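# Residue-level structural notes
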Amino acid sequence: MLLNGKVGIVYGLANRHSLAWHITKALSAAGARLVITYQHERFAPKLKKLLENLNSTPLMLPCDLTDDAQIENVYKQIKKEFPRLDFIVHSVAYANKEDLMGQFVETSREGFNLALETSAYSLIAVTRPAIPLMTDGGSIVTLSYLGSQRVIPNYNVMGVAKSALESSVRYLAHDLGEQGIRINALSPGPVNTLSARGIKGFTGFLHHVGENAPLRRNTEGSDVGNAALFLASDLSKGITGETIFVDAGYHTKG
Ligand code: IMJ
């Protein structure tokens, strides 16, 4: 039980296909007490039903990550309910659908700002007000993708947002290290989530990666859940500012 007695929050759980769900299952099975946020009241009933599959029921709180007041409220509730906060999982990204097709050069100012704010700034927004609650050190885990470092067809403005995210992880790691707080990113291979479905050519791309990755398979949800558990736990106490690929080795190929 790697997370016995530890308290953590997961941002970005939408449904049972979400990477955040695979991570939530792994963290919960390791004994963590969890807080789960949802973006809008209309998602609450379905999410509540999903969370009934866990051994212990997490605390559910509403939180739109573009609203600092809602983030503050989340930490106010955590302060009331728990002695401290030990870890954060940030699994959040959004860009306009039209910016995830065609040419990157067509990206509008608004589309660029939206993608960067929602997918990169939101990590800083959830980190800063959490620091006073992480009185015994802590671990912050975010989710990136290979499109931050290579050109992946259609990933476009999300690639730039993930570059900013990975760089933010390094700068935040430097700031938070003094307080014993670590922060790292996982970079999974493609997984068939809500965020990936509907992307043109995704199924073909998934096949290509599965056939060419060193492990000759695609990334499984449990691969990501287990890696997040490692990063959230003290097993990774010497690792911070890092982006770790969880992609069956795909990124190593030329
Ligand atoms: C997303 C777009 C293009 C190619 C893609 C992806 N590949 C993968 C993804 C190859 C694996 C999924 N991914 C890693 C993401 O970060 C997705 C982010 C995303 C997805 C959507 C779809 C629906 C929408 N906005 C989105 N914003 C961000 O309207």
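Provided above is the structure to which this section pertains.
A brief report on the enclosed structure follows. (Residues numbered from 1 in each chain as written. Predicted model: local features only at pLDDT ≥ 70, side-chain atom pairs only at ≥ 80, totals over all residues. Heavy atoms only, no water.)

As a further point, take unusual backbone geometry. In the Ramachandran plot, Arg216 falls in the positive-phi region, its phi being about 55° despite a non-glycine side chain. One can find Arg216 in the loop between helix 6 (202-212) and helix 7 (221-232). Here Arg216 falls in the exposed class, since its relative accessible area comes to 63%. The backbone of Ala248 shows a phi angle near 55°, a positive value even though the residue is not glycine. (Helix = DSSP H or I, 4+ residues; strand = E, 2+ residues; numbered from the N terminus. Buried < 20%, exposed > 50% of the residue type's maximum accessible area, 1.4 Å probe, protein only.)

In terms of burial, strand 5 (residues 138-143) is largely enclosed, as six of its six residues are buried. Neither face of strand 5 is exposed, since Gly138, Ile140 and Thr142 on one face and Ser139, Val141 and Leu143 on the opposite face are all buried. Strand direction decides the pairing type here: strand 4 (residues 87-90) and strand 5, joined by four bridges, are parallel. Looking at the pairing, Ile88 lines up with Ile140 of strand 5. (Pairing = 2+ DSSP bridges.)

With that out of the way, let us pick up helix 1 (residues 19-29). Of all 11 residues making up helix 1, nine are buried, and the element is well covered by its neighbours. Taken together, the buried positions of helix 1 are occupied by Leu19, Ala20, Trp21, His22, Ile23, Thr24, Ala26, Leu27 and Ser28. At the C-terminal side of helix 1, Gly31 shows a positive phi close to 100°.

Around the ligand, the surrounding shell holds 14 residues, and the nearest of these are Ala95, Tyr145, Tyr155, Ser195 and Ile199. Here a nitrogen atom of the ligand and a backbone polar atom of Ala95 are 2.7 Å apart. Tyr155 has a polar side-chain atom sitting 2.7 Å from an oxygen atom of the ligand. Taking 600 Å² as the accessible area of the ligand by itself, protein coverage stands at 88%. Residue classes in the shell around the ligand are distributed as 11 nonpolar, two polar and one charged. (Near = heavy atom within 4 Å. Polar contact = N/O pair within 3.5 Å; in protein donor to acceptor, adjacent residues only side chain to side chain. Areas by Shrake-Rupley, 256 points an atom, 1.4 Å probe, with all protein chains shown as cover. Nonpolar A, V, L, I, M, F, W, Y, C, P; charged D, E, K, R; others polar.)

The subject of this paragraph is the packing of helix 1 against helix 7. The N-to-C vectors of helix 1 and helix 7 enclose an angle of 55°; their axes lie 8 Å apart at closest approach. Taken as axis vectors, helix 1 and helix 7 run oblique relative to one another. At the point where helix 1 passes helix 7, the crossing takes the right-handed sense. Taking contact as the criterion, the partners of Leu19, His22, Ile23, Ala26 and Leu27 in helix 1 are, on helix 7, Gly221, Ser222, Val224, Gly225, Asn226, Ala228, Leu229 and Ala232. Here the residues of the contact of helix 1 with helix 7 sort into eight nonpolar, five polar and no charged. (Axes fitted to C-alpha atoms, helices over the stretch in contact; angles between N-to-C directions. Parallel < 35°, antiparallel > 145°, perpendicular 65-115°, else oblique. Left-handed = near helix turned anticlockwise from the far one by under 90°. Contact = heavy atoms within 4.5 Å.)

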